[in-house]
Amino acid sequence: MLLTKAELDSFLAAKNANPHTFLGMHHAKRGRTSGIVVRAFVREAARCEVVDMDASSPPRAKSGKRAAAVRYEMEQLAPEGFFELFIPKRTELFKYQLRATTHGGEMRQFWDPYSFAPTIGDLDLYLFNEGNDHFIYKKLGAHLIENQGVPGVSFAVWAPSAARVSLVGNFNHWDGRYYPMRPLGASGVWEIFIPGLREGELYKYEIYDQQGHLHLKTDPYGTYFEAPPGNASIVCDTRRHKWGDDAWLEKRKANAGQRDQPMSIYEVHLGSWKRKVEDGNRIFSYRELAPMLAEYVGDMGFTHIEVMPLAEHPFDGSWGYQVTGFFAPTHRYGSPEDFAYFVDYMHQHGIGVILDWVPAHFPRDQFALAEFDGTHLYEHADPRQGAHMDWGTLIFNYGRNEVRCFLAANALSWLDRYHIDGLRVDAVASMLYLDYSRKEGEWIPNKFGGRENLEAIAFIRQVNDLVHQYYPGTVMIAEESTSFGGVSKPTSDGGLGFDYKWNMGWMHDTLRFFQKEPVHRKWHQNDLTFGMLYQYAENFISVFSHDEVTHGKASMLFKMGAWHIPEKAANLRALYAHMWTWPGKKLIFMGSEFGQSGEWNYTTSLDWHLRQYMDHEGIRLLVRDLNKLYRDEPVLSLNDFNPQGFRWINCNDSDASVLSFQRMDAYGQDLFAVVGHFTPVVRKDYRMGVPRAGFWKEVLNTNSTYYGGNGLGNDGGRVSEPVPCDGHPQSIVLQLPPLSTTIFKWSASAQEE
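Criteria and cut-off values
Residues numbered from 1 in each chain as written. Predicted model: local features only at pLDDT ≥ 70, side-chain atom pairs only at ≥ 80, totals over all residues. Heavy atoms only, no water. Helix = DSSP H or I, 4+ residues; strand = E, 2+ residues; numbered from the N terminus. Buried < 20%, exposed > 50% of the residue type's maximum accessible area, 1.4 Å probe, protein only. Areas by Shrake-Rupley, 256 points an atom, 1.4 Å probe, with all protein chains shown as cover. Lys, Arg positive; Asp, Glu negative; His and termini not counted. Charge placed at Lys NZ, Arg CZ, Asp CG, Glu CD. Pairing = 2+ DSSP bridges. Axes fitted to C-alpha atoms, helices over the stretch in contact; angles between N-to-C directions. Core = buried A, V, L, I, M, F, W, Y, C linked by side-chain atoms within 4.5 Å. Salt bridge = Lys/Arg side-chain N within 4 Å of Asp/Glu carboxyl O. Polar contact = N/O pair within 3.5 Å; in protein donor to acceptor, adjacent residues only side chain to side chain. Contact = heavy atoms within 4.5 Å. Parallel < 35°, antiparallel > 145°, perpendicular 65-115°, else oblique. Nonpolar A, V, L, I, M, F, W, Y, C, P; charged D, E, K, R; others polar. Arc of directions from axis to C-beta. Phe/Tyr/Trp six-rings, centres within 6.5 Å; stacked < 30°, edge-to-face > 60°. Lys NZ or Arg CZ within 6 Å of the ring centre and 35° of its normal. Expected span 1.5 Å × (residues − 1).

1. Concerning the overall build of the protein chain
Alright, step 1. The helix and strand inventory of the protein chain stands at 17 helices and 36 strands.
Alright, step 2. By principal-axis analysis of the C-alpha atoms, the protein chain measures approximately 115 × 65 × 45 Å.
Alright, step 3. For the protein chain, the residues scored as buried account for 59% of the 753 residues in total.
Alright, step 4. In the structure as shown, the protein chain presents an accessible area of about 29,600 Å², 50% of it carried by carbon and sulfur atoms.
Alright, step 5. Averaged over its 76 positive side-chain charges, the protein chain has a centre that lies 4 Å from the centre of its 91 negative ones.

In structure tokens form, the structure reads like this:
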């Protein structure tokens, strides 16, 4: 036996840290005799032979028969299946297979995993350790490849502090003694190629740490996972789908950099948008949802859907925000190929897909990233930096090159593999500040003594630049709730590099106003006007998201400050028309578009039956018409970030709770006058100043009977009079319906007609 007893014991005890040095074929000496040694560790093998594949000659010309392969009997060193063979005087390594016979007499012949060279090059490892391999997900993880002409699966995982890493799965009965992986230098990456392994195999990594503890971990770069409680990674080919969205991608690329374009977003949670009630209230699959959602969203006039997090997560109640499989669409709705179909279908029907992305934190589940190799690898060791106080989760160590590489590559992978049109980045504020939700003494200042998380800020800028560099036309959206400056400014101008920022301040102020009973609103009109002071500081999206209709906050309809449903519906219609004409892109959460009564419940479907009632269906019809008006009118949809496109008409008539403003194009050819009246009385002969003489067409009135109102309005429009009002030489006399928003349009071309 050329192997020492200590070396053999290291394999039997599953503690060998460098298996490729011993297993496989190597040059060796026995005494003074040179030769080749082959070692194999084969589970349940009673006998093992080495089959010389180079010695198998081609078929003879006359007989057509192939010469028998040369086989060498191996010596069994341990009953666990460890074998060794020494071939004296043979100096050249050769291609071989192992021929193993089990104790039950079953025989199989296969390529030895330890006969293959590494599947990752030195340059890849260098760039990864440097934090600059932007597509590291193509190397780490599990990949179906051909290695030296042999099909199989390559596996690679980063675990720099591990004493030993093994690949385990059904293929080796989850036994970590078999398929120990090789460390690739000082990179911290462990790798193995398993020939003959196929798609669909379940696997994990068994990690033996420096303290002698075992950890069974899923693949951080895994692309598909089984359901809890198993949570195993699944070998999956993410390239299987044949895409048909070339026209969409070309159009998206052509519009790159044009941030001020129509964007009306429908935020959706796939598991509770609709359910199949007649089939046990089950969720629909990606493939079932695609046509239903595309038809509905298209009819409603939304430009995009924003899907709540779909990366794999074990706990339904986290809504997807506690991710354990960052590179995998959740198994709940189907396979990665099914998800690709879903996105492709949306694109082919003219609908963009934005994905909620969660790089701010990750859960403590022991099978995933937490203490991955026995150390605080992905997270900070110090809880003052590594523990998230609000959610009980862990915070990424953005200062570590390989962690930054993991997250940046993760963002790019969704755009690459699944053609996602943008990422809404969750909880950006918690990334920006070291003292986020912490008391004094619970956080560590940065190197300058400040509260800004410099490493996280550098990462955010990097990932935004990479997304725009590699996938022009895709968008990055920040859910950021503080006054941090330059969130949606380019990094070249010192900003964070996002395309858009959620306007959380506008949302809170506006809801605070509408939640008050009308009699009290005159004291709070500044809630509706204050936002204009900072409206053009960022590229804002006006939002009413899922966060506003959960945890006891009430649905959008039931937030409204009124006692009866018809009045609540009128308030909500007035609010939505105000929102759609206010500068900024738009986002609304599913169910809010038809005035869902109850709060959002992730365990069941929306209350679609409410659409049979006009108080609800009228809200939906209004949102549909608002989307059409918004998309059809460049003054509203291509003019959101131009401060010259907005003017107050009168923001001071708080006694009447009337607010009016105008939107205009750069040339003064098309103007909109918007007037909101937020009390339940009729105001007759209300005079409003206008900047142009002529006919002002009433293009939308939320009090229309079509939307569930009483029909009181302005007879389709008003002709201005030369009576000065609100600082304008012209004015129109209106009849203001109760709890309503009315939109008028003046067009130069219409005056000529």
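2. Things to note about the sheet that holds strand S8 (residues 107-111)
Alright, step 1. Ordered by their spatial adjacency, 4 strands build an open sheet running S4-S3-S7-S8, and the pairing between neighbours is antiparallel. The outermost strands of the open sheet, each flanked by one partner alone, are strand S4 (70-73) and S8. This sheet shows a mean twist of 30 degrees between the axes of neighbouring strands, independent of strand direction.
Alright, step 2. Across 4 bridges, the pairing between strand S3 (residues 45-52) and S4 is antiparallel. Bridging from a neighbouring strand, Val51 pairs with Arg71 of S4.

3. Section: the nonpolar core
Alright, step 1. Membership of the largest hydrophobic core comes to 179 residues, with the highest contact counts inside it found for Phe155, Tyr266, Ile305, Phe342, Tyr378 and Tyr576.
Alright, step 2. For this core, the element with the highest residue contribution is helix H8 (residues 401-418), accounting for 11 residues.

4. Overview of the side chain of Glu538
Alright, step 1. By secondary structure assignment, the location of Glu538 is in the loop between helix H12 (526-529) and strand S27 (540-544).
Alright, step 2. Of the side chains with opposite charge, Lys501 comes closest to the buried, unpaired Glu538, at an N-O distance of 4.6 Å.
Alright, step 3. Polar side-chain contacts of Glu538 include one of 3.0 Å to the backbone nitrogen of Val487.
Alright, step 4. There is a polar contact of 2.5 Å between the side chain of Glu538 and the side chain of Ser488.
Alright, step 5. When sequence neighbours within four positions are dropped, the list of residues in contact with Glu538 reads Phe484, Gly485, Gly486, Val487, Ser488, Lys489 and Lys501.

5. With respect to the environment of His468
Alright, step 1. Looking at the element boundaries, His468 is found in helix H10 (residues 454-470).
Alright, step 2. Owing to a relative accessible area of 23%, His468 belongs among the partly exposed residues under this scheme.
Alright, step 3. Separated by 211 residues in sequence, His468 and Gly257 have C-alpha atoms that sit 8.9 Å apart.
Alright, step 4. When residues no more than four places from it in sequence are discounted, the contact partners of His468 are Arg259, Thr474, Met476, Gly497 and Asp499.

6. Some thoughts on the packing of helix H14 (residues 565-581) against helix H15 (residues 614-632)
Alright, step 1. Running from amino to carboxyl end, H14 crosses H15 at an angle of 10 degrees, the nearest separation of the two axes being 10 Å. By the criterion of interaxial angle, the relationship of H14 to H15 is roughly parallel. Packed against H14, whose contacting residues are Ile565, Pro566, Ala569, Leu572, Arg573, Tyr576, Ala577 and Trp580, the element H15 presents Asp615, Gly618, Ile619, Leu622, Val623, Leu626, Asn627 and Tyr630 at the interface.
Alright, step 2. Broken down by class, the residue content of the contact of H14 with H15 amounts to 12 nonpolar, 2 polar and 2 charged.

7. Structural notes on helix H4 (residues 246-254)
Alright, step 1. Taken residue by residue, H4 has Trp248, Leu249 and Arg252 as its buried positions. Projected down its long axis, H4 shows its buried positions confined to an angular sector of 95 degrees, all on one face. Residues of H4 that are exposed and point over 90 degrees away from its buried face: Asp246, Ala247, Glu250, Lys251 and Ala254.
Alright, step 2. Where the residues of H4 are buried, they touch helix H6 (336-348) and strand S23 (352-357).

8. As for the packing of aromatic side chains
Alright, step 1. Taken as a whole, this structure holds 60 aromatic pairs when the rule is applied.
Alright, step 2. Both rings, one in Tyr203 and one in Tyr205, keep their centres 5.9 Å apart while their planes meet at 75 degrees; by these two values the pair is edge-to-face. This pair shows no difference in class: Tyr203 is buried, exactly as Tyr205 is.
Alright, step 3. Positioned over the ring face of Trp502 is Arg424, at 4.3 Å from the centre of the ring.

9. Some remarks on H14
Alright, step 1. Under the 1.5 Å per step criterion, the end-to-end length of H14 is 24 Å for 17 residues, consistent within 8% with the ideal 24 Å.
Alright, step 2. Counted residue by residue, H14 has 14 buried out of 17 residues, so it is predominantly covered.

10. Description of the pattern of salt bridges
Alright, step 1. Evaluated as defined, the whole model comprises 45 salt bridges.
Alright, step 2. Arg424 is the salt-bridge partner of Glu306, the closest N and O atoms lying 3.9 Å from each other. One end of the pair, Glu306, is in strand S20 (residues 304-307); the other, Arg424, is in strand S24 (residues 422-425), with 118 residues separating them in the sequence.
Alright, step 3. Of the residues examined, Glu306 reaches a relative accessible area of 0% and is grouped as buried.
Alright, step 4. The class of Arg424 is buried, set by a relative accessible area of 0%.
Alright, step 5. Residues participating in the shared-partner salt-bridge network are Arg47, Glu49, Arg71, Glu73 and Arg99.

11. Comments concerning the pairing of strand S2 (residues 33-41)
Alright, step 1. For S2, the tally of buried residues reaches 7 of 9 residues, placing the bulk of the element in the interior.
Alright, step 2. Bridge count between strand S1 (residues 24-30) and S2: 7 bridges; the pairing is antiparallel. Along S2, the bridge assignment pairs His27 with Ile36.
Alright, step 3. The hairpin turn running from S1 into S2, its antiparallel successor, is 2 residues long, and Gly31 in that turn takes a positive phi close to 65 degrees.
Alright, step 4. Sheet topology places S2 next to strand S6 (residues 82-88); 7 bridges connect them, and they run antiparallel. Paired with Val38 across the two strands is Leu85, which belongs to S6.

12. Here we look at the environment of Lys559
Alright, step 1. Checked against the element boundaries, Lys559 lands in helix H13 (residues 556-559).
Alright, step 2. On the accessibility criterion, Lys559 (7% relative accessible area) is buried.
Alright, step 3. Counting along the chain gives 272 residues from Lys559 to Arg287, while the straight-line C-alpha distance between them is 35 Å.
Alright, step 4. From its side chain, Lys559 meets the backbone oxygen of Glu548 in a polar contact 2.6 Å long.

13. Examining the sheet that holds strand S5 (residues 75-78)
Alright, step 1. The 4 strands lie next to each other as S1-S2-S6-S5, forming an open sheet whose pairing is antiparallel. A single partner strand is all that each edge strand has here, and the edge strands are S1 and S5. Here the strands of the sheet are splayed against their neighbours by 35 degrees on average, with no regard to which way each runs.
Alright, step 2. In terms of strand pairing, S5 meets S6 through 3 bridges, oriented antiparallel. Each residue of the ladder has a partner; that of Glu75, found in S6, is Glu84.

14. What about the environment of Phe514?
Alright, step 1. Locating Phe514 in the fold gives a position in helix H11 (residues 504-515).
Alright, step 2. The contact partners of Phe514, leaving out residues within four places of it in the chain, are Arg521, Leu528, Lys559, Met560, Gly561, Asn571, Leu575 and Phe678.

15. Concerning the pairing of strand S36 (residues 740-747)
Alright, step 1. Across the 8 residues that make up S36, a large majority, 8, are buried.
Alright, step 2. In S36, alternate side chains face the same way, and those of Ser740, Thr742, Phe744 and Trp746 on one face and Thr741, Ile743, Lys745 and Ser747 on the other are all buried.
Alright, step 3. As judged from the 8 bridges shared by strand S31 (residues 670-677) and S36, these two strands associate in the antiparallel manner. Bridge pairing links Val675 to Thr742 in S36.
Alright, step 4. In this sheet, S36 lies alongside strand S33 (residues 695-701) in antiparallel orientation, the contact comprising 4 bridges. Within the sheet, the bridge partner assigned to Glu698 lies in S36 and is Phe744.

16. Observations regarding unusual backbone geometry
Alright, step 1. For the bond running from Pro228 to Pro229, omega is 5 degrees, close enough to zero to count as cis.
Alright, step 2. Turning to its location among the elements, Pro229 is positioned in the loop between strand S15 (214-217) and strand S16 (233-234).
Alright, step 3. Phi is positive for Asn231, close to 60 degrees, though the residue is something other than glycine.
Alright, step 4. If you trace the backbone, Asn231 turns up in the loop between S15 and S16.
Alright, step 5. Positive phi, normally seen in glycine, also occurs at Ala554, with a value near 80 degrees.
Alright, step 6. In this fold, Ala554 is placed in the loop between S27 and H13.
Alright, step 7. Given the relative accessible area of 23%, Ala554 is considered partly exposed.

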